[in-house]
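# Analysis of the macromolecular model
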Amino acid sequence: MTDGRRGPLAGVRVLELAGLAPGPFAGMMLADHGAEVLRVDRVKAVSDRPRTDVMDRGKHSIGLDLKSPEGVAAFKELARHADVVIEVFRPGVAERLGIGPDDLHAVNDRLIYGRMTGWGQDGPLASTAGHDIDYIAISGVLSMLGREGGKPTPPINILGDFAGGGLMLAYGVLLALFERERTGKGRVIDAAMVDGASILFAMFYQGVQSGFWGPRGTNLLDTGAPQYDTYETADGEYLAVGSLEPQFWKAMVELMGLTDLPDRDDRAQWPALRARLAEEFRKRTRAEWEKVFDGSDACVSPVLSMSEAAAHPHNVARDSFTEVGGLVQPRPAPRLLGVPAQDLSPATRLTDLSGWGLTREEADRLRERGILG
Ligand SMILES: CC(C)(COP(=O)(O)OP(=O)(O)OC[C@H]1O[C@@H](n2cnc3c(N)ncnc32)[C@H](O)[C@@H]1OP(=O)(O)O)[C@@H](O)C(=O)NCCC(=O)NCCSC(=O)C(=O)O
């Protein structure tokens, strides 16, 4: 345990180079579980950042000019005291700055060097700019998302940036920490959002190649099937229906008091069944339907807004949300039962870097010259 932190990763020190969504999310996933994360921003950017940024929770931060030789030397000193670096630039940028894997392994060969990019470290697209939507397009995944006859629709930037990117990098860090226990060596992680988004869709490769999974929006889990879709209620809200198995479907139909429904196992009858369900669900408000299905196995749930989610009795009972720096946000997941969790707090600016190898005098000198912020 260092820095008073608690959780399975207490004692692990992470240097996070500031970037867009996936890098900070990876850092947050590690900090949430006890790692000591020092976010390294540009000098000006660090003073402009709101301290309440959710993905910065629990982290320390500094600004460091990595375009100056003294800034690079300071960064190497920090890396000498770190277990993990999260790097988020285009391939080649870190090497040009003098903080690439070889530079840092020369001072600390136990360092795990996590590289977060969209395209990966090599390949024809590696050096080009991109965002989540581009990466999930090239992974093949975007083509599968959306309603029948509609455009491919990205699920905001969850799939590339967060699930296929930041979370996958955090997983890579855990793999490398585990492997380091055996070898004593730090590895380089090439976490590409194209790879990460692709592997999340592993199950569908079988379906698509066997012909079981058809075009976008026509299948069992992509709003093709009426038993797995959202429906509007009388008050303009929505219900999520996921009554896939026959016994759960039966529970839903009985609670709704429906008889003579079109056959859900006959795809030709899906449009008629959907229309019938839509008509029924529009007859009551969302709250009325919640009462109908409450405690049942019908697999019907209200579609909650994010603020409603925090107040839902189930989430309240499990203490799933909390407030940090005045902002409501999800608590760390998953829960490791029996292991004390990390307390959550907004990011704090770190002024004393002696624990990271920079004396007070060295830090003051860098500050005076505008290299450290
Ligand atoms: C997002 C990017 C396309 C942005 O491109 P660029 O703005 O051109 O940045 P680059 O990475 O090429 O280079 C970073 C530059 O910042 C400089 N740099 C970085 N940190 C510092 C500090 N501390 N001090 C001084 N200079 C710094 C670094 O030297 C580089 O400048 P030079 O040395 O002068 O070159 C790229 O960073 C990238 O592909 N990153 C990996 C994938 C990624 O994060 N994609 C976006 C996910 S978010 C997303 O999808 C979404 O929000 O939606």
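Notes on the structure in this doc start here. Since we're looking at a predicted model, the values are computed, not measured. (Residues numbered from 1 in each chain as written. Predicted model: local features only at pLDDT ≥ 70, side-chain atom pairs only at ≥ 80, totals over all residues. Heavy atoms only, no water.)

Let us look at the overall build of the protein chain. Along the backbone of the protein chain there are 15 helices and twelve strands. Relative to its full complement of 373 residues, the protein chain shows a buried share of 45%. Sequence-distant contacts, at least 24 apart, represent 65% of the contacts inside the protein chain between residues at least 6 apart. For the protein chain, the exposed area adds up to about 19,000 Å²; of that, 56% sits on carbon and sulfur atoms. (Helix = DSSP H or I, 4+ residues; strand = E, 2+ residues; numbered from the N terminus. Buried < 20%, exposed > 50% of the residue type's maximum accessible area, 1.4 Å probe, protein only. Contact = heavy atoms within 4.5 Å. Areas by Shrake-Rupley, 256 points an atom, 1.4 Å probe, with all protein chains shown as cover.)

Before going further, it helps to examine the environment of L344. The topology assignment puts L344 in the loop between β11 (327-330) and β12 (348-349). Given the relative accessible area of 22%, L344 is considered partly exposed. Taking the C-alpha atoms as reference, L344 lies 21 Å from L174; in sequence the two are 170 residues apart. In contact with L344, other than residues within four places in its own chain, are D32, R57, T322, V324 and P332.

Applying the stated criterion across every chain yields a total of 25 salt bridges. Measuring nitrogen to oxygen at the nearest pair gives 3.9 Å for the salt bridge that ties K59 to D56. The structure contains a network of salt bridges with shared partners spanning E16, R39, D41, D56 and K59. (Salt bridge = Lys/Arg side-chain N within 4 Å of Asp/Glu carboxyl O.)

What follows is about the site of the ligand. The environment of the ligand is made up of 24 residues, and the closest members are R42, L64, K67, R90 and D132. At a separation of 2.8 Å, an oxygen atom of the ligand approaches a polar side-chain atom of K67. Interatomic distance of 2.7 Å between a side-chain N/O atom of R90 and an oxygen atom of the ligand. Within the complex, the protein chains bury 75% of what would otherwise be the 1,000 Å² of accessible surface of the ligand. A per-element tally of the shell around the ligand places helix α4 (residues 93-97) first, with three residues. Split into classes, the residues belonging to the shell around the ligand amount to twelve nonpolar, four polar and eight charged. (Near = heavy atom within 4 Å. Polar contact = N/O pair within 3.5 Å; in protein donor to acceptor, adjacent residues only side chain to side chain. Nonpolar A, V, L, I, M, F, W, Y, C, P; charged D, E, K, R; others polar.)

A separate point is helix α1 (residues 22-31). Along α1, ten of the ten residues are buried, which leaves the element largely enclosed by surrounding structure. Turning to α1, its buried residues are P22, G23, P24, F25, A26, G27, M28, M29, L30 and A31. Taken together, the buried residues of α1 touch β1 (13-17), β2 (36-41), β4 (84-87), β5 (112-117), α7 (158-183) and α8 (193-200).

This part takes up the sheet that holds β4. The seven strands are arranged β6-β5-β4-β1-β2-β3-β12 in an open sheet whose pairing can be described as parallel. Strands with a single pairing partner mark the edges of an open sheet, and in this sheet they are β6 (188-192) and β12. The sheet contact formed by β1 and β2 spans five bridges and is parallel. Its bridge partner being in β2, E16 is matched across the sheet by R39. This element, α8, spans β5 and β6 of the sheet and lies at about 65° to β6. (Pairing = 2+ DSSP bridges. Axes fitted to C-alpha atoms, helices over the stretch in contact; angles between N-to-C directions.)

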